Structure formats: C-alpha cells, structure tokens
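One-letter residues, chain by chain:
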Amino acid sequence: MLSFSSLTLRFGASGCRSGRRTVATVVSGNKTSQLVRQRLKKEVEKMRTQFPGFRPGLVVLQVGDRDDSNLYISMKLKAAAEIGINANHIRLPRTATEDEVMQSIVSVNENPSVHGLIVQLPLDSVHRMDTERVTNAVSPHKDVDGLTSINAGKLSRGDLADCYIPCTPNGCMELISQTGVSVAGKHAVVIGRSKIVGAPMHDLLLWNHATVTNCHSKTQDLPQQVGRADILVVGAGKAEMVRGEWVKEGAVVIDCGINHIPDETKANGKRVVGDVHYPSANQRAGFITPVPGGVGPMTVAMLMENTVQSAWRFLKRNQAGRWNISYTKLTPQNLQPSNATISQSCRPKAISRLVREVGLFSEEAEPYGGFRAKVSPAVLQRLREQPDGKYVVVTGITPGPEGEGRTTTTLGLAQALGAHLNINCLACIPQHTHIYCSGTRGLAVGGGYSQVFPIEEVCLQLSGESQAVRAASELVVQAVQSRLLAEAAQSQQTLFERLVPLKNGQRIFSQSQINRLKKVGIEKSDPATLTAEDILQFVDLDIDPQINLESLSKAVSSELIAILALSRGPQDMEDRLARMVVTTSRRGTAITTDQLDISRVLSVLLRQAAKPNLMQTLEGSPVLLHNSVMSDMAHSCSSVLADQIALKLVGPQGIVVTDAGGSADIGLEKFLNIKCRRAGLQPDVVVMVATVAGLRMHGGGAKSPASLENGCRHLRKQVENVRAFGLPVVVAVNVFSRDTAAELELVCSQAMLAGAADAMPCSHWAEGGAGALALGQAVQRAAETPHQLNFLYDLEAPIVEKIRTLAQKLYGAEDVQLQPEAQQKVALFTELGLASLPVCMVKTPLSLSHDPERKGVPSGFILPIRDIEASLGAGYLSPLVATPTATLHAPPGNACLYDNDL
C-alpha cells in the first residue's frame with residue numbers, strides 16, 4: 001500500500017481505458033527533494049536546540065571559474081542556506097597547483113566546524129591535476145560526495161551504515177522508494193559504470209537485495225537486458241539512447257542523463273533530454289522520472305542529507321565539544337622504579353595524533369621529532385570566538401629541600417581531569433632546562449607516574465629555547481660592545497655611513513632609526529637631509545664604558561625570558577623587545593635595543609622560542625611547556641601565550657591547569673599581580689600543594705606531632721595569602737610512603753580551618769591520575785563557587801607602597817627599609833614616569849622573610865631592599881631584597897646527573 005506522501009509526488013497519473021494503462025506515473029524529483037529539504041531543516045533546528053551554537057558546516061572547493069561549475073555551486077549554496085547549513089565557497093584560481101589544492105583540502109579536513117567537503121569537478125587548472133589523488137585527499141569523515149576510495153570500498157562490501165553514499169545513486173534510491181515498489185527480489189539493470197553513478201548504483205541496489213545486471217558500452221544484447229528489468233537506472237551519458245520499446249511494461253525507469261539536443265522551437269536552439277527516449281518509454285513504464293526535474297534536484301538534496309548526517313556523526317564522536325582523545329591506562333608498580341625507567345616503559349602517542357586530538361590544525365603545529373611540536377600563536381585568531389575554559393593555578397607552601405611536588409601535582413591533576421573524569425584538560429608548565437632537571441629531585445618534569453615524557457626529550461634541550469635566549473643575549477652584548485668601540489674609534493660621519501649604508505646608490509633609514517630620530521627631536525626621514533648636528537645627535541649614544549658586560553648578559557637573559565613569558569603574540573613580543581633597556585649613557589639616560597637597531601633581529605632570533613611546546617603525560621594528557629624556571633629576576637610561571645592557547649583549545653567545558661612557578665607568597669603573587677593583570681586572565685581555583693615533610697621542617701624539623709602541628713601555621717599563612725586575592729583554594733597534600741594517616745588528617749583539618757574550600761591527600765606520584773581523582777572532583781566543585789580576583793595593590797600607588805603592601809600582607813614583615821641605592825632608584829623611576837609599573841620581588845624562595853634560615857611564619861622583621869631594577873620590556877620593576885646569605889638557592893646535595901644513564 002502506498003503512502004500518502006508517495007502519491008502526492010506523482011503527477012500525470014495513468015489514465016485507464018477498459019483497465020488498460022496508457023502512460024507511466026511520473027515521479028517528481030522536484031517535489032521529493034523539497035520534502036527532503038523540509039525534513040533536513042527540521043533536523044538542523046533540532047540539532048541547534050540540543051547543541052546551542054552548533055551548526056552543520058559545508059565547504060565547496062572549486063578550481064577555476066567554469067560557468068557550469070558556478071551554476072551547480074550556486075544551487076548547492078542556496079539549498080544549504082535554506083536548510084540552515086553554514087556553507088562556504090573556496091575558489092582557487094586556474095593557476096593553482098595540485099599541491100596548493102591539496103593544502104586547501106588538508107586545512108578543511110582539520111577544521112572541526114566543517115562537516116562536509118565537496119571538490120567541484122572538473123578541476124579547471126592550467127596545470128595537470130590528478131583528480132583521483134585530489135578526491136582521495138578528502139577526509140572520509142567529510143566526503144559527503146561519497147567519492148573517496150574508502151567510502152566506495154565500504155559501499156561495495158555493504159557497509160552502508162558506515163559510509164557516505166554518492167549523492168546521485170542515493171537520490172535514485174529515494175525516488176524508487178517513492179514509487180512504493182520494493183527493491184528486494186527485483187531484477188534491476190544499471191546502464192553505465194561510472195564511479196559517480198553506475199558503479200555505486202549497482203552496489204546500492206545489490207545490498208538492497210535486488211538481482212543486478214550492470215550494462216555498459218560493450219554490452220552486446222542491451223535491448224534484451226533492458227527488457228528484463230523491473231527497475232531500470234540509466235546513466236550512460238548518451239541522449240535518448242534507451243528506446244521505449246526496450247522497456248519492460250510496468251517497469252520503474254530512473255533517468256540520470258542530462259543531454260542537450262537541437263530544437264529550433266527553443267530560444268537557445270536546444271533542449272534538455274535524458275538518456276531515455278521519454279515519449280516512447282512513458283507509454284510502457286509503470287513509473288518514470290522526467291528530465292529535467294527528476295534525478296537532478298535529488299542529487300543536491302542528498303548532498304545536504306549527507307552533510308547533516310556527517311554533522312550528527314561528528315557530534316556523536318566528539319560528544320558535544322569533547323575531544324576525541326585516547327588515554328593510556330597505567331599499571332603502577334608497588335616498588336616504584338626510577339622516573340627514567342617509568343618513562344621508558346611507556347609508549348607515547350605520535351605528536352601528529354595528539355595535535356589532531358586537541359583540535360589543532362597541522363599548519364598550527366610544527367613537529368620537532370615524533371613526540372613534540374611547536375604550537376603557532378595563529379590558533380588564537382582562529383579560535384577568537386571560542387569561550388575560554390576554567391582556569392586552575394597550582395602553587396605551594398615555601399618548599400623544603402625535597403620540594404613539594406608542585407609540577408607533579410599539576411600533571412597528576414591534569415591526568416585525573418582528562419583521563420579519569422573525561423574533561424578536556426590541558427596542563428601548562430614552565431619549561432625545565434637540563435640544569436634544573438639535574439638536581440636532587442630527579443631527572444624529570446613532574447615525577448613518578450605524573451610526568452611529561454619522553455623524559456630524554458623534555459629534560460635535555462626540548463626544542464632550542466635556551467639556545468635562542470643565549471644567542472639573543474650574546475647579540476645584545478656584542479652590539480653594545482661594538483657600538484662602544486665604534487664611538488671611540490670613528491668619526492660621527494663615518495659611523496653614520498656605517499649605520500645607514502648605501503643601497504642601490506641611496507641611504508634609507510630603518511624604522512627603528514626613524515624612531516631614534518623622533519626620540520631626539522628630529523622629524524626627518526631622508527638621510528640626505530640631516531645636518532652635521534643632526535648626525536651627531538643620531539649616532540652619539542655615548543654608552544657608559546664602565547658597563548659590566550657579564551652582568552649585562554645575565555640581566556638581558558632574564559628579561560628576555562620574562563618577555564617570552566608575558567608576550568601575547570609576535571607583535572607584542574617585538575614591541576617589548578624594542579622597549580628593553582640594555583645599558584645607559586654617560587649622562588645616565590637609558591639606551592634600548594631599538595636605539596641599537598637590534599630589536600627586530602632579536603625578534604627573529606626568538607621567533608621559534610616564542611611558540612609553546614606540545615607534549616604529553618604518561619597517560620596521554622596534553623601538556624604545553626613554555627618559559628624557563630631559571631630566570632633570576634623574572635616570574636617563573638608558564639607563559640601567557642601557552643595559557644591563552646590552552647584556554648581556547650579546551651573550550652568552555654574544559655579546564656586548564658597551570659603552574660604558578662613558586663610558593664603562594666612569591667610565585668602566585670607574581671602570577672596574579674603581573675601575569676593575570678597584564679593579560680586579563682581570571683583564575684577560578686588555586687590548588688595549594690603541601691607535604692608532611694615540608695610542614696614538619698617549618699615546625700622545627702623534629703619528627704613529632706608537635707613539630708608538624710606547629711608547621712601547619714605556615715600552611716595556614718599561605719592559604720590566607722591565597723584568600724587575600726579573593727580566590728577559592730583547594731589544598732593537595734602530596735603523599736609520601738612514610739606519611740601516616742594521622743599526619744595527613746592533621747594537615748587536611750588545619751587547611752580547612754584556615755579557609756580552604758577542600759583538602760585531601762593525593763597519591764598521583766605513585767598512581768598517576770587515579771591518585772588525584774578526589775582532587776580533580778574538588779577542583780570542579782570549587783570552580784563553580786562565586787569569586788572575584790582582587791589585586792593586592794593599585795598600579796598608581798607609589799613604588800614603596802607597593803613593596804610595603806606585599807611585605808606586610810604576604811611575608812608578615814613589620815615594614816620595609818630601602819637602602820640608599822634603592823631610594824635613589826625610587827626617585828629616578830618616579831621622575832621617569834615608571835612608578836605605575838607592577839613590582840616583581842626578587843627574594844629568597846626558602847622563607848617568607850628575607851632570611852632563608854627563618855622557617856615557619858616569621859614576624860616582626862624589617863624587609864631590606866638593596867636596589868631596584870627596571871625591566872621595561874617585561875613591564876615591571878624588580879626590587880632586590882637583601883639576604884644574609886651569599887646565594888639564594890642551596891646547591892644540590894647529590895645531583896641526579898651522577899650515575900644516570902638514559
């Protein structure tokens with residue numbers, strides 16, 4: 001029995017005289033396609049209701065500008081707009097090469113907002129194109145034309161639910177279904193064997209249980225074969241080839257042909273006909289499709305059908321914004337081996353796979369070997385409309401000799417959130433140098449079953465950042481030294497001619513030289529117009545010859561690292577480099593890299609170092625490593641760029657876990673007052689890491705309950721420091737095998753009394769993400785609590801007042817005392833208009849006070865400030881705290897570089 005909808009699709013119904021049928025029922029592709037479009041429109045509306053902000057995406061890629069292709073593309077774009085599909089047309093010029101076409105296809109393949117990709121054929125290029133190679137470059141998941149070999153292969157073996165069926169055969173099947181004739185058991189004949197129509201039509205009919213005969217140009221008895229067909233599908237490309245007398249009476253005839261034949265009655269002198277002689281076939285067939293108005297409209301409708309189907313499959317695979325990422329299941333050992341042994345026992349994913357899993361395009365990630373890649377800042381532009389994820393920062397108490405495990409906790413938490421709680425999670429940590437990794441804490445970034453690996457790659461010169469900073473620092477020193485010698489040995493005119501050399505018979509100023517002229521009050525851009533006095537002002541930097549080049553090298557390296565950490569992109573980095581003061585003149589005026597005309601060269605040297613490094617943890621969670629922990633006068637947290645990229649990649653339901661680079665009084669303070677203030681970042685939760693051993697040290701060092709309880713005063717102080725910023729804090733007690741349950745309970749209870757949102761012991765070092773599962777759940781809860789970041793000082797406050805605020809609120813000092821040199825710097829910087837810069841305190845990390853021997857919660861002390869340095873490129877002032885000891889960091893007792901063989 002036929003459905004009502006089927007009946008409405010037929011016009012010219014058969015007339016009956018004495019029970020004899022005279023004409024076939026015409027099956028309208030126009031009406032059927034309209035019904036399909038209406039159904040798809042409702043599906044898209046349902047999709048957008050279930051997944052707000054989501055929209056199916058389609059791209060049509062065209063090479064050249066053929067009129068017929070333009071017509072077909074306009075029809076597809078119109079249909080997509082009607083249904084609600086976001087369709088885009090990419091047109092490459094006729095001069096495009098095959099490689100350029102392939103690059104465009106790869107770019108669309110990787111774009112998660114595109115679910116269907118059509119390569120419009122033919123490829124109208126002046127260059128030879130391998131059409132098969134081009135069409136097969138389309139991702140099978142986005143091949144809504146169904147033309148790739150993978151989709152064709154799946155169709156040929158009957159995997160209809162796991163492939164995309166070519167649009168014209170799919171449309172033919174829809175038209176056949178509208179006749180009410182069952183395909184199963186029928187004898188079907190397909191004329192034509194093209195990859196687009198004939199071959200897939202044969203497979204489609206076969207797997208719908210018809211007995212199929214495929215005819216072609218070499219078939220000898222074509223009329224007899226046609227005469228046996230219950231269902232006839234013709235796609236031969238020859239006008240009116242099939243005559244009506246060949247057709248079996250009552251057969252279903254589907255005509256896929258589009259041909260033009262002469263017709264003087266038409267304005268253009270020709271008319272469109274199919275491959276079947278319609279007037280005669282109409283007298284014998286039971287059902288027939290017209291040309292035009294038959295199969296043609298169905299092809300576009302089925303293209304839309306495949307695109308919507310692809311969007312549904314995408315949503316199913318990605319679970320509405322979730323990464324399609326695989327994690328490694330760990331099997332921790334009770335007697336835990338070394339970090340290196342653990343790392344080398346695990347097998348990392350290929351970096352190309354990890355890049356795809358976190359939603360990066362191939363052009364946004366530059367592989368360095370098989371397991372690490374540089375991430376381009378360009379990803380921020382692509383994802384600029386993507387809402388940020390939650391932002392969790394990990395800090396700690398003032399550490400003891402063994403450390404508190406801040407980086408290990410960062411990685412363990414990321415593994416718990418990603419591999420165990422199925423949340424998009426990216427960890428961001430500073431990049432550890434090989435020197436830092438060779439201390440008593442072991443050769444690793446993290447440790448145990450919460451580390452970044454492969455260990456030999458992450459620890460031993462990751463991808464050249466240290467070398468780039470060293471080269472840039474040496475360039476600055478050499479530029480200063482060279483200019484000193486030049487000013488001493490050459491006349492102003494000779495120096496001018498060397499600085500602005502002749503090129504093609506004329507001298508041209510660089511942009512930095514024009515900036516130098518403006519700074520000294522010369523508004524000229526043509527070197528030929530400068531007077532002798534102008535030249536003197538331009539070339540005479542008058543660098544102070546008493547400069548200590550060794551100290552300069554260290555200071556420059558530190559500020560370069562800070563610039564890399566705080567830059568929000570290539571242009572911001574270049575601007576910061578240009579502002580960097582590297583020396584002074586005899587008169588005491590500042591001299592910048594821009595005045596030395598080396599700021600752009602520095603930018604080139606640091607171009608690759610400015611890109612974060614993507615690696616993975618042992619469980620396969622992604623990690624971005626950027627910035628160095630070895631900067632002496634800079635904050636040591638992960639870079640702004642790494643955190644911003646991570647926040648976009650995880651999406652609004654994801655979480656970024658970043659390392660503050662130190663204890664709450666130093667690392668977290670700089671993270672919030674400098675990094676977050678400048679970059680506009682807003683943390684949601686702070687995780688405070690502590691250990692029983694570290695707290696016992698702050699309580700006097702004795703292995704007794706009283707010592708631990710006394711040491712918990714330090715934990716309470718650090719929790720209070722975090723709460724001063726208005727942020728919720730979760731305390732993670734990093735468990736060692738020697739810790740007792742009573743000790744862990746004491747620490748957690750003291751943390752809760754201090755105002756922590758939650759506190760729990762964590763065994764991620766021994767168990768990986770599973771050992772931080774409770775921490776991950778606590779962080780999720782805390783991230784939902786209302787909070788507002790409060791900066792501890794106003795930027796417009798006087799310099800001394802900013803220092804005093806930090807000393808009293810965070811360190812517990814009674815007051816600050818500026819030594820004469822520091823007092824002079826305060827006056828100088830205030831006069832120069834630098835008083836509104838934030839302050840980056842440089843003091844021992846081993847105590848809340850200035851004395852590394854004073855543990856616990858020191859009070860009643862005066863914080864001595866011996867000097868203040870200005871880092872204009874980084875954008876802060878660095879007060880240098882006087883310390884009683886000669887060095888800030890104690891040397892390692894037994895560095896792991898001994899007896900270490902990777």
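Residues numbered from 1 in each chain as written. Predicted model: local features only at pLDDT ≥ 70, side-chain atom pairs only at ≥ 80, totals over all residues. Heavy atoms only, no water.

A.B. asks: Kindly report on the overall build of the chain, identifying the contributing residues and their values.
C.D. replies: Each helix and strand in the chain was counted, giving 32 helices and 33 strands. For the chain, the spread of C-alpha atoms along the principal axes amounts to about 120 × 80 × 50 Å. A buried classification covers 55% of the 902 residues belonging to the chain. For the chain, the share of sequence-separated contacts (at least 6 apart) that also reach a separation of at least 24 residues comes to 73%. When the accessible surface of the chain is split by element, carbon and sulfur atoms take 51% of a total near 38,700 Å². In the chain, which carries 89 positive and 85 negative side-chain charges, the distance between the mean positions of the two groups comes to 7 Å. (Helix = DSSP H or I, 4+ residues; strand = E, 2+ residues; numbered from the N terminus. Buried < 20%, exposed > 50% of the residue type's maximum accessible area, 1.4 Å probe, protein only. Contact = heavy atoms within 4.5 Å. Areas by Shrake-Rupley, 256 points an atom, 1.4 Å probe, with all protein chains shown as cover. Lys, Arg positive; Asp, Glu negative; His and termini not counted. Charge placed at Lys NZ, Arg CZ, Asp CG, Glu CD.)

A.B. asks: Could you give an account of the side chain of Ser-310, with specific residues and numbers?
C.D. replies: Tracing the backbone through its elements, the reader meets Ser-310 in helix α11 (residues 295–318). Since its relative accessible area comes to 2%, Ser-310 is described here as buried. Here Tyr-164 takes part through its side chain, which lies 3.3 Å from a polar atom of the side chain of Ser-310. With near-sequence residues (within four places) excluded, Ser-310 lies in contact with His-115, His-141, Val-144 and Tyr-164. (Polar contact = N/O pair within 3.5 Å; in protein donor to acceptor, adjacent residues only side chain to side chain.)

A.B. asks: Outline the confidence of the model for the chain, supporting the account with residue identities and numerical values.
C.D. replies: Predicted coordinates in areas of low pLDDT are best not read in detail. Averaged over all residues, the pLDDT of the chain equals 90, while 93% of them reach at least 70. Counting contacts from residues 886–895, a segment whose pLDDT is below 50, to residues more than four positions away or on other chains yields twelve contacts. (pLDDT = per-residue confidence, 0-100.)

A.B. asks: So what's going on with the pairing of strand β17 (residues 390–396)? Residues and values would help.
C.D. replies: A large share of β17 lies buried, amounting to six of its seven residues. Where β17 and strand β27 (residues 655–663) come together, six bridges link them in parallel fashion. Paired with Val-394 across the bridge in β27 is Asp-659. Where β17 lies against strand β28 (residues 685–690), five bridges are found, and the strand directions are parallel. Each bridged residue has a counterpart across the sheet, and for Thr-395 the counterpart in β28 is Met-688. (Pairing = 2+ DSSP bridges.)

A.B. asks: Got a sec to walk through the pattern of salt bridges? Specific residues and values, please.
C.D. replies: All told, the structure shown has 34 salt bridges when counted by the stated rule. Arg-157 is the partner of Asp-159 in a salt bridge, and the nearest nitrogen-oxygen pair spans 2.4 Å. Under the relative-accessibility criterion, Asp-159 is labelled partly exposed at 25%. The shortest N-O distance in the salt bridge between Lys-248 and Asp-230 comes to 2.6 Å. Residue Lys-248 is located in the loop between β10 (231–234) and β11 (252–255), and its partner Asp-230 is located in the loop between α9 (222–227) and β10; the two are separated by 18 residues in the primary sequence. Owing to a relative accessible area of 33%, Lys-248 belongs among the partly exposed residues under this scheme. For Asp-230, a relative accessible area of 22% translates into the label partly exposed. Salt bridges here are not isolated pairs; linked through shared partners, they connect Arg-39, Glu-43 and Glu-305. (Salt bridge = Lys/Arg side-chain N within 4 Å of Asp/Glu carboxyl O.)

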